[in-house]
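Next come the chains, spelled out residue by residue.
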Amino acid sequence: MVNNLDAALPHRGLSQADVLYEVAVEGGITRMMAVFADIDAIPQVGPVRSARHYYTDLAAPYNAVYVHFGGSAPGKAAIQNRGIDNVDGLIYGTTAFTKDSWRAQNRGVEHSYFIDGASIRSVAEKRGYSLEGAASAPLPISLTRVEPAQKCGGVYVKFSGYTNSEFLYDPETGLYEKLRDGEPHIDENNGETLRFANVLVLVTSITSYDGGDLREVALGQGGGYLFTGGGYEKITWSKGGYQNQFSFARQDGTAVSGNVGPTFIAIIDRSVESSMQLR
C-alpha cells in the first residue's frame, strides 16, 4: 500500500511493479497498491501507508503477502477475518521498514517508511507464510501484438477534484508514460517515469462506507476501457467475491487481452467517467 498525497512524493519502487492499482480513499485522495510477481525483485518501495478493506479484495486473488502500515478499522478487520498474510508497519516498524529521517522531519512521519523484498521475505519466513504457489493475473497477456482498432494517444483519468492521472502513448517503446497531476510520475530509485504496457480504467460506484468518510467500492461488475498498443476498446469487467480475480471481456463477450509489460488499473466512480479524456 503506497501513500499518494503530494507530501509522499517522489515515490520509490513503483516503476518496477508488475501491476499498479489506484483507487480513491476518503477525502478525494487516492491510494495505490503495487503488485510484484517476484518477492526477491522488489526494490525499496513506498512510502507505505494504511490498509483499506476493499484493497484486500484486490490483493487476495494474488495469494499475496499484503504490506501496509496500519489501517482503517474495516481494513484491519478484513485482513484478520480473511486470513490474509500481511506485514504491518505498526507491528514491525523499523525492524522491517526503513525510516527516512529527512522525510519524517520535513514531510511527516506517515510519509517516511519504506520496505523492500528482502525485508518482506524475512517477516514472511518468521511468521511461517508460504511463499510458494500460483497467483492469477487480472489481464491475460498476448505474445502476439495487440493493437485495438480505435486509435488514440492516451487517456486522462480524473479520480476527484484532488487528483488525476494521465497516460501518454510512446510509439517507440509501445508503453504509456504516466503523469500525476500533469507532471511526469517519477520513481526516485532510478529517476524513471512510470510506464505501462496496458492501462485499464474500470467504472463502478464509490460511495460512503457506513455513512462516514471512508469509501465503499462496488467490485461486482461494470464497464470500462482498455488502453494498449496505441488504441483502446470498451470492455466489461466482473469480479464477485474477494477471492476472485477480475475478468475482462469486450462488450460482445469475447475475450480481451493485453500486451507484454506492466499493467495499471484505475478504478473510478461513474460520476467522474465523463471527465475522462482521450488523447
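Keep in mind it's a predicted model, so treat the numbers as computed, not measured.

Caption draft 1: The pattern of salt bridges, seen in detail. Enumeration over the complete set of coordinates arrives at 13 salt bridges. Taking the shortest distance from any N to any O, the salt bridge between D40 and R121 comes out at 2.9 Å. On the criterion of sequence distance, the pair formed by D40 in the loop between β3 (30-35) and α1 (53-59) and R121 in helix α5 (residues 117-127) is long-range, its members being 81 residues apart. The class for D40 is exposed, based on a relative accessible area of 54%. In this structure R121 comes out as partly exposed when scored by relative accessible area, which is 25%. Through salt bridges that share partners, R12, D100, R103 and E188 make up one connected network.

Caption draft 2: The arrangement of a nonpolar patch on the surface in detail. On the surface, a nonpolar cluster with roughly 340 Å² of combined accessible area is contributed by I141, L143 and V260. Looking at the element boundaries, L143 is found in the loop between α5 and β8 (150-151). On the accessibility criterion, L143 (81% relative accessible area) is exposed.

Caption draft 3: Unusual backbone geometry, seen in detail. Note that the residue after L9, namely P10, is joined by a cis bond; omega there is -10°. Across the junction of G46 and P47, the peptide omega takes the value 5°, indicating a cis bond. Even without being a glycine, N63 presents a positive backbone phi close to 55°. Relative to the elements of secondary structure, N63 occurs in the loop between α1 and β4 (66-68). Notably, D181 is not glycine yet its phi reads approximately 50°, a positive angle.

Caption draft 4: Structural detail: the pairing of strand β18 (residues 231-238). The pairing of β8 with β18 spans two bridges and is antiparallel. Following the sheet pairing, K151 is matched in β18 by G231. One ladder, built from eight bridges, connects strand β17 (residues 221-228) with β18; its direction is antiparallel. Directly across from G222, in β18, lies its bridge partner W237.

Caption draft 5: The packing of aromatic side chains, seen in detail. The tally for this structure, following the rule as stated, stands at twelve aromatic pairs. Their ring planes at 80° and their centres at 6.4 Å tell us that Y21 and Y62 sit as a pair that is edge-to-face. In this pair, Y21 is assigned in strand β2 (residues 19-24) and Y62 in the loop between α1 and β4, connecting sequence segments 41 residues apart. Residue classification places Y21 among the buried positions, given a relative accessible area of 0%. Plain terms: the ring middles of F69 and Y113 are 4.6 Å apart, the flat faces sit at 35° to each other, and that makes the pair tilted. Of this pair, F69 sits in the loop between β4 and α2 (73-81) while Y113 sits in strand β7 (residues 113-114); the two residues are 44 residues apart in sequence, bridging distant segments of the chain. Neither F69 nor Y113 differs from the other in exposure class; each is buried. Taken together through their ring pairs, the aromatic side chains of F69, F97 and Y113 make up a single cluster. A cation over an aromatic ring shows up here: R12 above the ring of F114, its NZ or CZ 4.0 Å from the ring centre. A cation sits over an aromatic face here: R82 above Y242, 4.1 Å from the ring centre.

Caption draft 6: Layout of the side chain of T193. Relative to the helices and strands, T193 resides in the loop between β12 (183-184) and β13 (195-196). Residue classification places T193 among the buried residues on the basis of a relative accessible area of 13%. Here T193 is in contact with E177, K178, P184, H185 and I186, once residues within four sequence places are set aside.

Cut-off values and rules
- For every chain, the first residue of its written sequence is number 1, and the numbers climb from 1 along that sequence.
- In keeping with the model being predicted, local features are shown solely for residues with a pLDDT of at least 70 and side-chain atom pairs are shown and tallied solely at 80 or more, while totals for entire chains, interfaces and linings include all residues.
- Neither water nor hydrogens contribute to the side-chain values; these are computed over all heavy atoms in the structure.
- In the sections that follow, a salt bridge refers to a side-chain nitrogen of Lys or Arg positioned within 4 Å of a carboxyl oxygen of Asp or Glu.
- A helix here means a DSSP run of H or I that spans at least four residues, while a strand means a run of E at least two residues long, and both kinds are numbered starting from the N terminus.
- Each residue gets one of three labels from its accessible area relative to the maximum for its type: buried under 20%, exposed over 50%, partly exposed in between, using a 1.4 Å probe on protein chains only.
- By definition, no residue in a patch forms a salt bridge, and every one has over 30% relative accessible area; like charges are joined within 9 Å, nonpolar side chains (Val, Leu, Ile, Met, Phe, Trp, Tyr) within 5 Å.
- Calculation of accessible area relied on Shrake-Rupley with a 1.4 Å probe; when residues are assessed, cover is drawn exclusively from the protein chains displayed.
- Whether two strands pair depends on DSSP finding at least two bridges between them.
- Working definition: a ring pair exists when centres of Phe, Tyr or Trp rings (six-membered ring for Trp) sit within 6.5 Å. Plane angles under 30 degrees give stacked, over 60 give edge-to-face, the rest tilted.
- Geometrically, a charge over a ring is one whose NZ (Lys) or CZ (Arg) sits within 6 Å of the ring centre while staying within 35 degrees of the ring normal.
- The contact criterion used is simple: two residues touch if any of their non-hydrogen atoms lie within 4.5 Å.

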